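Structural overview for review
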Amino acid sequence: MICSGPRPVGGKRRVRARVCRTGRRKESDFSGIFSVEERKTKQSGRVRMSGGEGGEGEKEKEKKKRRNMVYMWGYLPGATPQRSPILSPEPVAEAAGGEQWRDVCGGGCGFAMAISESGKLNTWGSTDELGQGYVTSGKHEENPEPFPLPTEASIINAAAGWAHCVAVTENGGVYTWGWKECVPTGRVVTDQSTTENLEKDVTEKHNGSFIEEVSPKSQVSHSILRRQSSGSVSKHDNKVGEEGTKRRKLSTAKQTSESPTTTEEAISALPCLVSLSPGVRIAMVAAGGRHTLALSDVGQVWGWGYGGEGQLGLGSRIRMISSPHPIACVETSSYVRDRIPGLPRRGVASDSQVYKVPGTCIKAIACGGRHSAVVTDAGALLTFGWGLYGQCGQGSTDDELSPSLVSSLWGVQIGGVAAGLWHTICTSVEGQVYAFGGNQFGQLGTGNDQAETLPRLLSAPSLENKHAKLVSCGARHSAILTEEGDVFSWGWNKYGQLGLGDVIDRSVPSQVSLVDCHPKKVACGWWHTLLLAESPL
């Protein structure tokens, strides 16, 4: 069954960001994620606009008085002459040639990405003074410039992980670049020691200018969670968990280079076209720490990269898969588990009824550090991958090797989802916000630093009478855009990534102060945040 409605005729249509765009939704020729109600609303809206006397002309006049702009805040070292964190929203220079901005895509660690009106993927904010590589981010500092992709096709969607990027063209093709282990080569690595050595080597070389500072608070939370876990945890998981609780601190020593080093060339790959099955057209992508998900225009999910904790949803701990594989999410192999109250428990009786996961296809995808999440067209949320902090929302700290329904949200229709390094945030179609996973810096927005293994409804006073329509997650911070046009952020704020004018962490949603602009989309990078907004000329 096709998960999309009829393709738009006569040009592009503007997408109403009703659900989470972890894959960074934009104006697209793909309609695979629209519901029947949304299509009807759009169609009726077009009829009303064209039917009124002078209505279309007035709309066009009003549109010419406004312009799409991008605002930035957080850790983008090359974005300002001072090379210092940006604590409050600052406007980004217009795209090359004076073009307007069409979409914001967040970006990776220390660099930002956005798409211009003509479909050029622009990057900025990077610098080689902190050991970053230009192969991934592009050598663009203060001024956004088109990233050199080997295609003339317009880019409609893009995403970035820790050190790799992925972009979708208007033709449904996918380009990816960055860490070589994230770029498809057709090989599969299953040996654990080989992957661990590669990971250690890459991490040390790529982060040569960083030193680690352990957060005592994070260590305590990690220890408690490990004792609560009912599943076995390997030595590799233990190592990852310990490293995952550390904060990054800039070293006083600088690394300087005039050109990309041999180390960078050895661990990074230039943009290449991803080979997919014939007829597969990708509509959106999501990038995690070292894995990638892609969603086709008919609602099929594909994945590649690192899969040691099950984040590729293939049912096993495949260390590395470097060719796109389809992920079964709503097929007959995925059923509602025994955790739903009121439903028969698995294995209780031979005549127990089997309950299929609601939906026929996937409409939204998200990648965290080592876990993934998808939303079906019926609003069911499924998660898979690393579960040490409860980021899979299954009520435990076990890893999920296959897509598993978040059954505690049974009856709640999920509209969108986003994932951070250790946490997950989702929104319902009614505008409610649910959070689960790691919470060492308040990234769940629950008012404390306690991890949640089950989705928890946010009930902060600041969200009273607010209806979330879009959510995004950075590594350790979160942000939402409401139907009312407000932006809220919370979590880790060491580099000002919350946009609140300071570097104080927040454990509850806090409103970002915006002047003379109408927010349209918010997108978190790892340590920064971008906002697409309509501003008067």
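Residues numbered from 1 in each chain as written. Predicted model: local features only at pLDDT ≥ 70, side-chain atom pairs only at ≥ 80, totals over all residues. Heavy atoms only, no water.

**Description of the overall build of the chain**
Along its length, the chain carries seven helices and 31 strands. With 537 residues in all, the chain has 58% of them scored as buried. Carbon and sulfur atoms provide 50% of the accessible area of the chain, an area that totals close to 21,300 Å². (Helix = DSSP H or I, 4+ residues; strand = E, 2+ residues; numbered from the N terminus. Buried < 20%, exposed > 50% of the residue type's maximum accessible area, 1.4 Å probe, protein only. Areas by Shrake-Rupley, 256 points an atom, 1.4 Å probe, with all protein chains shown as cover.)

**Focus on the pattern of salt bridges**
Side chains that differ in sign of charge can pair as their charged atoms come close. On inspection of all chains with the given rule, the structure shows eleven salt bridges. Across the pair R290 and E181 runs a salt bridge, and its minimum N-O distance is 3.1 Å. Separated by 109 residues along the polypeptide, R290 in the loop between strand 14 (282-287) and strand 15 (291-296) and E181 in the loop between strand 9 (174-179) and strand 10 (188-189) bring together distant segments of the chain. The residues R290 and E181 share a single accessibility class, namely buried. The shortest N-O distance in the salt bridge between R370 and E309 comes to 3.0 Å. Taken together, the positions of R370 in the loop between strand 18 (362-367) and strand 19 (371-376) and E309 in the loop between strand 16 (301-306) and strand 17 (320-327) put the pair 61 residues apart, joining distant regions of the chain. The exposure classification of R370 matches that of E309, with both residues buried. (Salt bridge = Lys/Arg side-chain N within 4 Å of Asp/Glu carboxyl O.)

**Digging into the sheet that holds strand 23 (residues 423-428)**
Strand pairing in a sheet relies on backbone hydrogen bonds. The paired strands run either parallel or antiparallel. With antiparallel pairing, four strands are arranged side by side in an open sheet as 22-23-24-25. Each edge of the sheet is formed by a strand with only one pairing partner; in this case those strands are strand 22 (414-419) and strand 25 (452-457). Across the sheet, the mean angle from the axis of one strand to that of its neighbour is 15 degrees, orientation sign disregarded. Pairing between strand 23 and strand 24 (residues 433-437): five bridges, direction antiparallel. (Pairing = 2+ DSSP bridges. Axes fitted to C-alpha atoms, helices over the stretch in contact; angles between N-to-C directions.)

**Digging into the nonpolar core**
Within the largest apolar cluster, 29 residues are counted, with the highest numbers of intra-cluster contacts made by V70, M72, W101, V104, W124, V522 and L531. When contributions to this core are tallied by element, the ones reaching two or more residues are strand 1 (66-74), strand 3 (101-104), strand 4 (112-116), strand 27 (477-482), strand 30 (518-524) and strand 31 (528-536). In this structure, Y75, W179, A475 and W526 belong to the second largest nonpolar core, which totals 18 residues. (Core = buried A, V, L, I, M, F, W, Y, C linked by side-chain atoms within 4.5 Å.)

**Details of unusual backbone geometry**
Residues other than glycine predominantly adopt negative phi, and peptide bonds predominantly adopt the trans conformation. One non-glycine residue, N465, adopts positive backbone phi at about 65 degrees. Within the secondary structure, N465 sits in the loop between strand 25 and strand 26 (468-473). For N465, a relative accessible area of 64% translates into the label exposed. Positioned with a positive phi, D516 is a non-glycine residue whose angle comes to about 55 degrees. Note on placement: D516 falls in the loop between strand 29 (506-511) and strand 30.

**Focus on the sheet that holds strand 21 (residues 400-405)**
Taking strand neighbours across the sheet as the criterion, the four strands line up as 18-19-20-21 in an open arrangement whose pairing is antiparallel. One side of each edge strand has no neighbouring strand; the edge strands of this open sheet are strand 18 and strand 21. Here the average twist between neighbouring strands, direction ignored, is 15 degrees. Across three bridges, strand 20 (residues 381-385) lies against strand 21 in antiparallel orientation. From the neighbouring strand, L382 faces strand 21, where its bridge partner is L405.

**Regarding the pairing of strand 9**
Most of strand 9 is tucked away, with six of its six residues classed as buried. Examined bridge by bridge, strand 8 (residues 164-169) and strand 9 share five bridges and lie antiparallel to one another. Its bridge partner being in strand 9, H164 is matched across the sheet by G178. Hairpin geometry of strand 8 and strand 9 is characterised by an intervening segment of four residues between the two adjacent antiparallel strands and by a positive phi of about 85 degrees at G172.

**Focus: the confidence of the model for the chain**
Detailed conclusions should not be drawn from predicted coordinates in areas where pLDDT is low. For the chain, the average pLDDT comes to 76, and 67% of its residues sit at 70 or higher. Taken together, the stretch residues 4-53 has pLDDT below 50 and engages in 121 contacts with residues farther than four places along the chain or on a different chain. (pLDDT = per-residue confidence, 0-100. Contact = heavy atoms within 4.5 Å.)

**Overview of the state of the cysteines**
All chains considered together, the criterion is met by zero disulfides. Distance from the sulfur of C524, which forms no disulfide, to the nearest cysteine sulfur (C473) is 6.7 Å. (Disulfide = S-S within 2.5 Å.)

**Points about the environment of K363**
Structurally, K363 can be placed in strand 18. Residue classification places K363 among the buried residues on the basis of a relative accessible area of 9%. With 53 residues separating them in the primary sequence, K363 and G416 have C-alpha atoms 8.7 Å apart.

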